[in-house]
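Structural features, examined
The residues making up each chain are set out below.
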Amino acid sequence: MKVVISNVQRFCLKDGPGIRTTVFFKGCNLRCPWCCNPENIKFDIENYEYKEEKGVYGYEISLDDLEKEILKDKEYYENDGGVTFSGGECLLQFNKIEPLLINLKEKGINICVETALTVPTETVDIAMKYVDEFIVDIKILDEKSEHKVNGNVTLYKENVKKLFDNNSKVIFRIPLVPEYTMTKENMKEIIKFLEQYKAEKVEIFKIHRLGEKKYKTLGKEMQEFLEVSNNEIEEMIGKIEDLGIKAEYCNI
Amino acid sequence: MKDKIKKIIGKKKIFYCKHLRNIKNKVYENDNKILGIIKSSKNAKVYYNKNKGIELKNLLKNVEIQNVSTDNRFYYNIDFFKTICSPHTVFGNLCIDYSIILENSLEDLKSKLDKSSQEFYENELYTIEAMELLIDRIINKIKNEKIIENISNIKNKKASTLYEALQRILFINMLLWQTNHRLNGLGRLDKILIKYYDNDIKNNIITKREARELIKEFLLELHRFYKIKSNVLLGDTGQIIELGGKNIDGRYECNELTYIFIELMEELKLPDPKVLLRVSKEMPRDLMKVSLKCIQTGIGCPLFANDDVIIDRLKDFGYEEDDVYNYGTSACWEPYLIGKSSAQNNIKSLTFMIPFNDMFEKENLSKVSNTEELLKIYKKYLKNYIEKIIDEIKEVDFEKDTLLSLFIDDCVKNSTDIADGGAKYNDLGLTGVGLANVVNSICNIEEVVFKNKEMSLEELNKIRKENFDDNNELLKRLKNTTNRYGKDNEYVVKIANEIIRFASDVMKDRRNKLGGKYKFGLSSPNYIMASKDFLASFDGRKVGEPFAVHISTDTSDAYTELMEFASKLDYKENRFNGNVVDFFVTPNFINDNFEKFVDFLMLSIKVGFFEMQMNVVSSEKLIEARKNPEKFPNLVVRVWGFSAYFKDLPDEYKDYLIERALKNESSN
Ligand code: SF4
C-alpha cells in the first residue's frame, strides 16, 4: 500500500505534546483562502516550474517505509511525544493507513492528528480507535458562510460530537482571519460552540505568509488579509477563558 | 633556530622572543593599541639557564609585582614581558591537578621529592624555592592583609577556606602562563572546591552570597589577560572549567558549586573562561535547565560531554578507572586525564580531504567503476598520509618542564621530568577535519557517476578542478544530494565508519617518543585554516571554501536527525579525541520551546552523542553585527571550541557563522 505525502518533518514541537514527527499528507477537501500549505491541497503529485526552479510536490511512500521514517526518532518520543498526521486533511487517508496505525499503536507510539474534521463519519470512527489526541480546527461555523471554505458545518459538528461522546482528547485550534473566521456572526457561533464542547485547550494563531512562494510556484497568488491586532488577540483569549477553558496564543 | 639560541645562550639574560613575538603577531592583527605598547617596550626579557629550576628562579626574581588595591581580593598578575627560554616545544593544552596545591603546602611538596635522580631533585627543589621567592616578593610589596595571608600560607599550610583555595589555583595558574604554557585548563573546580565551600558555610566563615561573589571575582581574574592569553584567535585561551560528572560507582555527581559556576557564566556573559558540563542520563533535569539558560544567552557554553559514552571509550583504550572518572578535556574538547598525562591532544590536524584530492592528482581513475574500488584507493592514500604525519610528530622535541612535573602524576614518583616520559600517560592526539567533505564527495560520485552514469569520473573531476565554473546546476545538485553527512541513513554512516576505522588501524600500533599511543577525533580547529586555497571538492565545496565544522550538517535537517547520526558514528578504539556535534539554534526557538528543548537535550544524552555545542543566535543579528560592529560590542559566538567576541573574528569566520545560521533557519 502506498500513500502520497509531501514531507516527513522530524523534531516538530508545535504539533502536540512532546517531541514529534509530523507527516504531511497530500490532499484536502476544503479550500481555506488562508491555507499555508497550498501544495497539500491536490491529492496527486504535482510538478512545477517557477522561474529557474523546477520541482515536485509530493512523493509516494509505502506504509512500511513511512513507518520506518516515523520510528527513526523513536528515542525522542518519551514524555508523550510521537507522530502527528497532518496535511492536507490526513483523516481522508485513514482507511488506507489503518495497518500503519495498528503497527504504531503496538509499538506504543503516541498518535496525534491535525484535522479540519469535515470528513466522512466512518473515517472518524477509524481514527478514534488509534488517535491519542485530536487537534481540531475551528474555522467557519456560520452555515451561511460555510461555502467560503467549501465547508460543511453539519458534518463537522456531527464529527465533533462523536469525539466528545467518545471522550477523545481534543484541542481546538482557531486561525484568526478577520474576513472569515472573525466576523461577528462567526465569533458568536464559535463562543457558543466552545461553551458546548469544552476542550482541554484552545489555541489561537495568526496566519502566516510563509507559504506565499509555494502559491506562486503553483501559478496562484496568496490572498491579502487584514491584520489582527494584539488587542483582538487578548480579547479573544479573554472570551475563551471566561468560559473556563485554557486558551493559548500560538506563535507559529 | 637552535643555532641562534646557542649563540645567545652564553649570556645570562637573553632577548629571545619566540614567545613574545607570537604575542606581537597576534595582537597586531587584532588590536593595534596593545601592539604599540609591546613594540615600544625594551624590557622584554627571556631567562635562560641549563638548570631549569635556576632559570625559573631568575625569572621569578625579576617579574614585575603589581600592587593590588584594597578592593581586590586576589593576587593574579602575569608579566608578559618576561619569560623563560623554550627552544623546544612547550607542553600546553592540558590541565594539571590543582587539588595538589590545595591539599599540600610547598613544604609538603618538597618533602615528597626523593634524591634518586639528583638532576630531577635539584630542578624541582629550585622550582619550589622559586615559588617561595615569588611569594616573599609579593607579600613584601602588597598591602592587602588578607591576600598576604592567603599567599604566604601556600608556603607551609594546606588550604583551609574557599577563599584560600581560589587564590592558590590562581597562583599556580599565573605561574603557568608566566612560564610560556599556553591553553591552560582549570579542571573540575566544583569537585575540588566543594569541601572548602561546605566547610566555610557550615562554620559561618562566609555566606553563600559572599562565596558567589568570590567565585565571580575569581572568574574575572582569569578573564583579565584574555587577549594576550589567546592562542590562534582572540578568545582561544583554553581556560576550560569542567563541571559535574559520573563517579566511579556510576552515580552522577554535581553540587551547589556546579550551579553557581554556570549561573555566574550566564550572568557575566563573557567568552572566557569557558565551561564544559559532563552530562549523563542520570543528571538532574534542573541542572540541564540552568545550563540551557546559560546557553540561551548565546555565549556558547557550557559545552556538553556525554559521560555515558565517553567513559567507556576511555576505559576501553586502557586508562585506569580512577583516572577515567576524573577526566576533563584539553583546551577544547579532547578528553584528557586531569593531572595524569602529558597528552598533546591537538598536536596535528588530520585533514581527511588531503589524501582524497591527492588521489585524484596522482592516480588514473578511469577504470574505477564503483564506490568500493574508489574507497580502496582512498585508503591507500589515507594510510600514506597518516604515516607521514606520525613520522613528523616523532621529530618533535619537548621542553623540560619542572613546573608541570610537580603537578602531573607520576613525574615526582618516578623522579622523571614530564619531557622524559615521567607522566603516567603519554598519548598524542590528532584532530580530524573534513571527513564530512570526503563522505559527501564519495556519495556524490556514487550517485552521479556510478549509479546514474550521467558522466564519467574523469569528466566530473574536470568540472571539479575548474571549480564548477559554468556548472551551477550541477554544483547545486551536488550540494543537495540525499546521502549526506549528518543524515541518519545507513549508507552514509557505513562509509564514515569505514574510513575512521581504517584510520585507527593505521595508527594503532605506532608509538610516540614517550611510549604513548596515537588517537584522533572528528573535531578540529582547522576547518577554515586548512581549507584556504584548497581545491574544490566533489561535495560541492568551491575552492577555498571552508570544510565542514566538526559533526554538523550542511542542510537544515532536524536536530534529532543530526543527533541520531552522531550517535551511530563509531568512537571506539582510539577515536575518542573530541567528537563534537555543532549546530545553530535561534534564540526564539529555545524561548518558545524551552521545556521541550530540555527534553531534547536530555533525550539526546540517551541517544548517545559524544559531545555537543551550539550557537544560539539569529542570522539577522550576525548580519547586523557584521555591518555595524560598534553596535554589538558584547556579542559572543562559539567558534571551534571556544567562545569569542564576534567583532574580534576575522571576516571569513564571521561569514561562515552567518552562512551556517542562515542554513539553519532556512528550514522554517
Ligand atoms: S483544511 Fe487545512 S489544508 Fe485544507 S485548505 Fe484548509 S487550511 Fe489548507
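Residues numbered from 1 in each chain as written. Chains lettered and ligands numbered in written order. Predicted model: local features only at pLDDT ≥ 70, side-chain atom pairs only at ≥ 80, totals over all residues. Heavy atoms only, no water.

Notes on the packing of aromatic side chains
Going by this rule: Centre distance within 6.5 Å is the pairing criterion for rings of Phe, Tyr and Trp, where only the six-membered ring of Trp is used; planes under 30 degrees apart are then read as stacked, over 60 as edge-to-face, and the remainder as tilted. Charge over a ring is defined by NZ of Lys or CZ of Arg lying within 6 Å of the ring centre and within 35 degrees of the ring normal.
In the structure shown here, the tally under the stated rule is 42 aromatic pairs over all chains. A cation over an aromatic ring shows up here: Arg464 of chain B above the ring of Phe360 of chain B, its NZ or CZ 5.6 Å from the ring centre.

With respect to the sheet that holds strand β4 (residues 240–243) of chain B
Strand pairing in a sheet is mediated by backbone hydrogen bonds. Such pairs are either parallel or antiparallel. Residue and element names in this part refer to chain B. Rules: Any two strands with at least two DSSP bridges between them are considered paired. Secondary structure elements follow DSSP: runs of H or I no shorter than four residues count as helices, runs of E no shorter than two count as strands, and numbering proceeds from the N terminus. Here an angle of 0 to 180 degrees is reported between the N-to-C directions of two axes, which are lines fitted to C-alpha atoms, with helices fitted over the stretch in contact. Between two residues, a contact is recorded if the distance between any of their heavy atoms is within 4.5 Å.
Strand order in the open sheet formed by 5 strands is β4-β5-β6-β13-β12, with mixed pairing between adjacent strands. Lying at the two open borders of the sheet, with one neighbouring strand each, are β4 and β12 (580–585). Shown here is a sheet whose adjacent strand axes are inclined to one another by a mean of 25°, direction ignored. Summarising the sheet, strand β6 (residues 303–306) and strand β13 (residues 611–616) pair through 2 bridges and their orientation is antiparallel. Opposite Phe304, over in β13, you have Met612 as the bridge partner. Sheet strands touched by helix α29 (residues 651–665): β12 and β13. Its angle to β12, the strand with the most contacts, is close to 75°.

Some words on the pairing of strand β10 (residues 201–206) of chain A
Residues and elements named next belong to chain A. Convention followed: The rule is simple: take the accessible area with a 1.4 Å probe, protein chains only, and divide by the maximum for that residue type; under 20% is buried, over 50% is exposed, in between is partly exposed. Crossover handedness is defined by viewing with both strands directed away from the observer: a clockwise path from the first strand over the helix to the second marks the crossover as right-handed.
Within β10, 5 of the 6 residues are buried, which leaves the element mostly enclosed by the surrounding structure. The sheet contact formed by strand β9 (residues 170–176) and β10 spans 6 bridges and is parallel. Residue pairing for β10: Ile174 is matched across the bridge by Ile204. For the handedness criterion, the β-α-β arrangement of β9, helix α5 (residues 184–196) and β10 is classed as right-handed.

As for the site of the ligand
Short version of the rule: Near, as used in this document, describes a residue that has one of its heavy atoms within 4 Å of the molecule or strand being considered. Nonpolar residues are Ala, Val, Leu, Ile, Met, Phe, Trp, Tyr, Cys and Pro. Charged residues are Asp, Glu, Lys and Arg, and all others, Gly as well, are polar.
Taken together, the neighbourhood of the ligand is formed by Cys28, Leu30, Cys32, Cys35, Ile41, Gly88, Ala116 and Lys139 of chain A. Partitioning the shell around the ligand into residue classes produces 6 nonpolar, 1 polar and 1 charged.

Digging into the interface of chain A and chain B
Selection rule: Throughout this description, the term salt bridge denotes a Lys or Arg side-chain nitrogen within 4 Å of a carboxyl oxygen of Asp or Glu.
Counting from both sides, the interface comprises 14 residues of chain A and, opposite them, 18 residues of chain B. For the pair chain A and chain B, the number of links is 4 salt bridges. One salt bridge connects Arg10 of chain A with Asp488 of chain B, and the closest N-O pair in it is separated by 3.0 Å. Residue classes in the side of chain A that touches chain B are distributed as 5 nonpolar, 3 polar and 6 charged.

A word on the environment of Leu133 of chain B
Residue and element names in this part refer to chain B. Tracing the chain through its elements places Leu133 in helix α7 (residues 118–141). Take Leu133: its relative accessible area is 22%, and that puts it in the partly exposed class. Along the backbone, Leu133 and Lys61 are 72 residues apart, and their C-alpha atoms lie at a distance of 7.0 Å. Discounting chain neighbours no more than four positions away, the residues touching Leu133 are Leu60 and Lys61.

So, helix α11 (residues 208–223) of chain B
Residues and elements named next belong to chain B. Quick reminder of the rule: Under the convention used throughout, the expected extent of a helix is 1.5 Å for every residue step, that is, one less than its residue count.
With 16 residues, α11 extends 23 Å between its outermost C-alpha atoms, agreeing within 8% with the 22 Å of an ideal straight helix rising 1.5 Å per residue. The set of residues buried in α11 consists of Ala211, Leu214, Ile215, Lys216, Phe218, Leu219, Glu221, Leu222 and His223. Contacts from the buried residues of α11 go to α9 (162–178), α10 (189–202), α12 (226–229), β4, α13 (256–268) and β15 (643–645).

Quick notes on the sheet that holds strand β9 (residues 344–351) of chain B
Residues and elements named next belong to chain B. On the basis of which strands lie adjacent, the open sheet formed by 3 strands has the order β9-β10-β11 and parallel pairing. A single partner strand is all that each edge strand has here, and the edge strands are β9 and β11 (518–521). Mean inter-strand twist for the sheet, computed between neighbouring axes without regard to direction, equals 30°. With 5 bridges connecting them, β9 and strand β10 (residues 428–433) associate as parallel partners.

A word on the nonpolar core
This is how it is decided: Nonpolar cores are built from buried Ala, Val, Leu, Ile, Met, Phe, Trp, Tyr and Cys residues. Side-chain atoms within 4.5 Å join them into one set. In this document the domain limits rely on a domain assignment from an automatic tool or a database.
Counting residues in each nonpolar core, the largest one holds 241 residues, and the members touching the most others are Phe171, Leu193, Phe352, Ile499, Phe583 and Phe597 of chain B. Considering each element in turn, this core owes the most residues, 12 residues, to α9 of chain B. In this structure, this core is formed jointly by two domains, domain 2 (179–340 + 586–668) and domain 3 (344–579) of chain B, each of which donates at least three residues. Ignoring sequence-local partners within four residues, the contact set of Leu193 of chain B consists of Leu102, Leu162, Ala165, Leu166, Ile169, Leu257 and Phe261 of chain B. Among the nonpolar cores identified, the runner-up in size contains 59 residues, and Val8, Val23, Phe25 and Ile233 of chain A belong to it.

Observations concerning the environment of Cys36 of chain A
Residue and element names in this part refer to chain A. Position of Cys36 among the secondary structure elements: in the loop between β2 (20–25) and β3 (46–50). For Cys36, a relative accessible area of 27% puts it in the partly exposed group. A sequence separation of 176 residues divides Cys36 from Glu212, and the C-alpha atoms of the two residues are 7.7 Å apart. Those residues in contact with Cys36 that lie beyond four places of it in its chain are His208, Gly211 and Lys214.

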